[in-house]
Amino acid sequence: MAMQRIFIYIIILMVLWVASCEDKVWQVPIEPGISWELASYRATKVSGVAYALTFDLPENPSTPIQASLDLVFVLAPNWDDIPLDFKGADSLVSTLQVNGNTVEIIGAKEHIILKKNCLNEGVNQVRITFTAGETGLNRKPQFIYSLLVPDRASTVFPCFDQPNLKARFSLQLEMPAHWDALANGSLEKAIPLPDTKRKKCYYKETAPISTYLFAFTAGEYQRITRIIDGQEVSMLYRESDGAKVRSNTDEIFALHQASIEWMEGYTGIQMPFEKLDFALIPDFQYGGMEHVGAIFYKEASLMLDNNATTNQKIRRASLIAHETAHLWFGDLVTMHWFSDVWLKEVFANFMAAKIVNPRFPSVNHDLNFLMSHQPSAYNEDRSQGSHPIQQPLVNLQEAGTLYGRIIYQKAPVVMNMLEHKMGDVPFRDGLRAYLQRFAYSNASWDDLIGLLDELTAEDLASWSNSWVKTYGMPVYAPSLRVDEDSTQYEWRFIQRNDRDKYWAQEATLALFYPDTLIKVTVSLEDERMAGKIVLDSLPLAVLANASARSYGYFPLDQASQDHFLHATPGIEDPFLRGAAWMALYEDFLHHTIDKHDMLGALLMAIPLENDPLNRDYILQVFQTIYWKFLTKEERVHYTEQVEQILYQAFTTALLPSEQLTYFRAFYQTALSDSAIAQLVTIWECDEIACLPLTETESTDLLAEIALRIPHQADSLIYLQWSHIRNPDRKDRFAFIAPALSGNPLKMDTFFNTIRLPENRVTEPWVVDGLSYLNHPLKADYSIKYLPDCLAMMQEIQATGDIFFPRQFITAALSGHQSKEAANTVRHFLSVQKDYPYRLRNKILMASDLLFRANL
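As a starting point, this report considers the structure included with it.

The rules behind the values
- Counting of residues starts from 1 at the beginning of each chain's written sequence and follows it residue by residue.
- Note on the predicted model: pLDDT of at least 70 is required for a residue's local features to be given, and 80 or more for side-chain atom pairs to be given and counted; whole-chain, interface and lining totals, by contrast, use all residues.
- Side-chain metrics rest on all non-hydrogen atoms present in the structure, leaving aside hydrogens and water.
- A run of H or I in DSSP counts as a helix once it spans at least four residues, and a run of E counts as a strand once it spans at least two, with each numbered from the N terminus.
- Radius of gyration: C-alpha atoms only; globule rule: 2.2 Å multiplied by the number of residues to the exponent 0.38.
- With a 1.4 Å probe rolled over the protein chains alone, any residue whose accessible area is under 20% of its type maximum counts as buried; one over 50% counts as exposed, and the rest are partly exposed.
- What makes a salt bridge here is a side-chain nitrogen of Lys or Arg within 4 Å of a carboxyl oxygen of Asp or Glu, nothing more.
- Interaxial angles span 0 to 180 degrees and are taken between N-to-C directions of axes, which are lines fitted to C-alpha atoms, for helices over the stretch in contact.
- The sense of a crossing depends on the near helix, which, turned anticlockwise from the far helix by less than a right angle, makes the crossing left-handed and, turned clockwise, makes it right-handed.
- We call two residues in contact when some of their heavy atoms are within 4.5 Å.
- A pair of strands counts as paired when DSSP detects no fewer than two bridges linking them.
- By the definition adopted for this analysis, an angle is roughly parallel if under 35 degrees, roughly antiparallel if over 145, roughly perpendicular if from 65 to 115, and oblique otherwise.
- Classes in brief: Ala, Val, Leu, Ile, Met, Phe, Trp, Tyr, Cys and Pro nonpolar; Asp, Glu, Lys and Arg charged; the others, Gly included, polar.
- Think of a nonpolar core as a cluster: buried Ala, Val, Leu, Ile, Met, Phe, Trp, Tyr and Cys residues, connected wherever their side-chain atoms sit within 4.5 Å.

**Some details on the overall build of the protein**
Okay, step 1: Tallying secondary structure elements over the protein gives 31 helices and 29 strands in all.
Okay, step 2: Its C-alpha atoms give the protein a radius of gyration of 29 Å, within 12% of the compact-globule value 29 Å for 855 residues.
Okay, step 3: With respect to the principal axes defined by its C-alpha atoms, the protein has extents near 100 × 75 × 60 Å.
Okay, step 4: Considering the protein as a whole, with its 855 residues, one finds that 58% of them fall into the buried category.

As structure tokens, this is what we get:
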């Protein structure tokens, strides 16, 4: 009998244990932002999400926006409480209904808690009325637009704000009757509201998209609609210059059409969403943002002046191609988590380079790829703030700090390597399979690498560990060995690295002989002794970065340095000429070339360079050395020579775009009284050598003049403001004017103004004004702002958009070259023991040239 009781007890305990296992739920701690733990939990429990949103948009930008949300989602068994993400949940939510029942509003650390006993297995319906949050909305008296990447949807409305919970969105916008609007879905109907000067617009439900891709804009826009492949495509814009609009419209639509057609052909997938519309927004924070059905662009990036340079036209085409490519890479297939945000950006940039090439047959596209990627990537990767392409992320509130040039510029070079490693066709076929397998869903970099690994004998996982998951870049030390009878020469490449971490790549070497040029391909393995080549005769110079696929620091030996400092302008191949200038500049930054030697070489080359890509690069390098590495006394010494070369260049240039390039370099470096007087005359006449100044160019010119004659700045600023006709450009100039002033009180007022988050809403204005405030000609005064700028960085990151922290600190440091500035940064970082390391990296990246100028 006792044994029977024991057996029964055991059975009861087992039943209770099984029941407890079945009822086990995943309890996630609630914290601000969206943690990876919370996102993982919700991804296992929530699916079938749909949002129906309504926003009542007032004309007055200070009036709160009333809104409502009908949310539907499917819940898997064994759930706990389900948090919705919404910053300001306690104060902004008016009512909450769950499955038809009004429930208590429980706000907790930027979340609304849906209690588990109010929820059902299967379909759940939630209705919320609320006041829309402001952080993800950009509001002006004339227009409004949302910008929700990476985690800002939850600053506007309650949602599951994580990329791997895709949802269908439908939208209703109530707005002034004279406003136009754009949203992800097509407009189904617009109904005038009785007895008001308002209307209500209903937008079609979207395909599944991530929350950061939800978007709308509404306001006083003009609209142009064209037909692309039988489909209506609309452009909203605010540019008031009718001639400028007419001269750009055809090309803007043509570039979109060409991009769509190329992507459809390459991927084998038709345009994956039901419409393609776009809005051109004045002073938009980014070049563009790839919202499904409603791409947003910075208006000035697409509406070019008649005298736009070749590089500006290429950049416009690349921007449109980039955002269009995102419809497949990022929108159709989205990363699981923002640690892989680079995955969508790398393919957008990589595809953009391929798309743009046929549009510019006269451009050297290998050179364009080189100049578009390596210099910008090196600026960050050579710094003490370098980081891997793929970065860990524990909470989405830190996702904005992931963005930078290593993602946008280094990653496409790495992808170029991968394509070459696999071959064009297997690589393309792998991408097609990737897009088909994960369409309207999510995938990671490891998902893609696993798929591509099946199509090649190469060890892609090891390659990925080096190039994607390791920070920094290879640094090579060339070494020359001569055999005993001097009949053969052996070039060795040694990877210098104190972490015992090496990179494998294929490099192209250009060997310069007195009467010939030879190119040799060498495999540089992932080991300290990276590779070698054997030569029968010693060349005059060796250029080891002679390929757009090469990445790293390839120092020049002394003979090659001496050769290229004098002979680079005479190199016939524009690509090799550009690569030689890059190699020289990297050596200069590593302090193996004297600044005067480098500057002398550049000044010799400036009037001789006939390739627009190389011309822009050497002018940029020249200005960096001129302002960052020369002392004030050294600049005075070079003033006459610099002004004479640039004045002669812009007054004798044959093409308007070439003339404008040289003219900008002239007014950005002019220092003598005579040159400043010439600039004032040009500004007053409103033209340069019969080339009329555009409103934007005139404003930029006046800003440089004001910096040089501070005692007249305020009167000149007022005159320029009165001449500006475009209202958006007028507002921008009014904002930055105090930073241009020679009056210390006005400069202090500007800085105190941008201390407040509400005054930093239009971030490009803040960056422009801060750059002028910290111009080298104001640096002695503005150095006092630097400690406060550093102290503001955490708030800037918390309140600003993704690129703003780096742009802000770059602008704050832009004009400084002194030891005092360098020591201010070093001291700040030394005393901030627990400072967020990604923000630390941003500061270190922005400080790299400052530190190098003070070694």
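**Observations regarding the pattern of salt bridges**
Okay, step 1: Taken as a whole and judged by the stated rule, the model has 43 salt bridges.
Okay, step 2: Here Lys115 ties to Asp81 by a salt bridge, and the two come within 3.0 Å at their closest N and O atoms. Here Lys115, found in the loop between β6 (111-114) and β7 (122-131), pairs with Asp81, found in the loop between β2 (66-75) and β3 (82-85); they are 34 residues apart in sequence, far enough to count as distant.
Okay, step 3: The class of Lys115 is partly exposed, set by a relative accessible area of 35%.

**A look at the packing of helix α19 (residues 673-685) against helix α20 (residues 695-708)**
Okay, step 1: The N-to-C vectors of α19 and α20 enclose an angle of 145°; their axes lie 10 Å apart at closest approach. For the crossing formed where α19 meets α20, the hand is left-handed. Contacts between α19 and α20 involve Ile676, Leu679, Val680, Ile682 and Trp683 from the first element and Ser698, Leu701, Leu702, Ile705 and Arg708 from the second.

**Some points on the sheet that holds strand β8 (residues 137-139)**
Okay, step 1: The strand order across the open sheet built from four strands is β8-β9-β14-β11, with neighbouring strands paired in antiparallel fashion. The open sheet has two edge strands with one neighbour each: β8 and β11 (180-183). Recorded for the sheet is a direction-independent mean angle of 5° between the axes of neighbouring strands.
Okay, step 2: Note that β11 and strand β14 (residues 216-219) share four bridges and pair antiparallel. Its bridge partner being in β14, Leu182 is matched across the sheet by Thr217.

**Observations concerning the packing of helix α6 (residues 310-325) against helix α7 (residues 341-356)**
Okay, step 1: One can describe the packing of α6 onto α7 by two numbers: an axis separation of 8 Å at closest approach and a directional angle of 130°. If you check the angle between α6 and α7, you find them oblique. Every pair of crossing elements has a handedness; the one defined by α6 and α7 is right-handed. Across from Ile314, Ala317, Ser318, Ala321, His322 and Ala325 in α6, the residues of α7 making contact are Glu345, Phe347, Ala348, Asn349, Met351, Ala352, Ile355 and Val356.
Okay, step 2: A breakdown of the residues in the contact of α6 with α7 according to their chemical character gives ten nonpolar, three polar and one charged.

**What to know about the nonpolar core**
Okay, step 1: By size, the foremost hydrophobic cluster in this structure holds 281 residues, and its most contacted members are Tyr51, Phe55, Phe157, Phe338 and Met598.
Okay, step 2: Per-element tally for this core: the top contributor is helix α14 (residues 574-589), with eleven residues.
Okay, step 3: Beyond its immediate stretch of four places on either side in the chain, Phe338 contacts Val149, Pro150, Pro163, Tyr212, Leu393, Leu396, Ala399, Leu402 and Tyr403.
Okay, step 4: Leu509, Leu524, Ala530 and Ile533 belong to the second-largest nonpolar core, a separate cluster that totals 16 residues.

**What to know about unusual backbone geometry**
Okay, step 1: Val149 connects to Pro150 through a cis peptide bond whose omega is -5°.
Okay, step 2: Structurally, Pro150 can be placed in the loop between β9 (143-146) and β10 (167-176).
Okay, step 3: Its identity as a non-glycine residue notwithstanding, Asn78 has a phi of 60°, on the positive side.
Okay, step 4: Here Asn78 shows up in the loop between β2 and β3.
Okay, step 5: According to the relative accessible area criterion, Asn78 is partly exposed, its value standing at 34%.
Okay, step 6: The phi dihedral of Lys109 falls on the positive side, at around 50°, and the residue is not glycine.
Okay, step 7: Following the sequence through the fold, Lys109 ends up in the loop between β5 (101-102) and β6.

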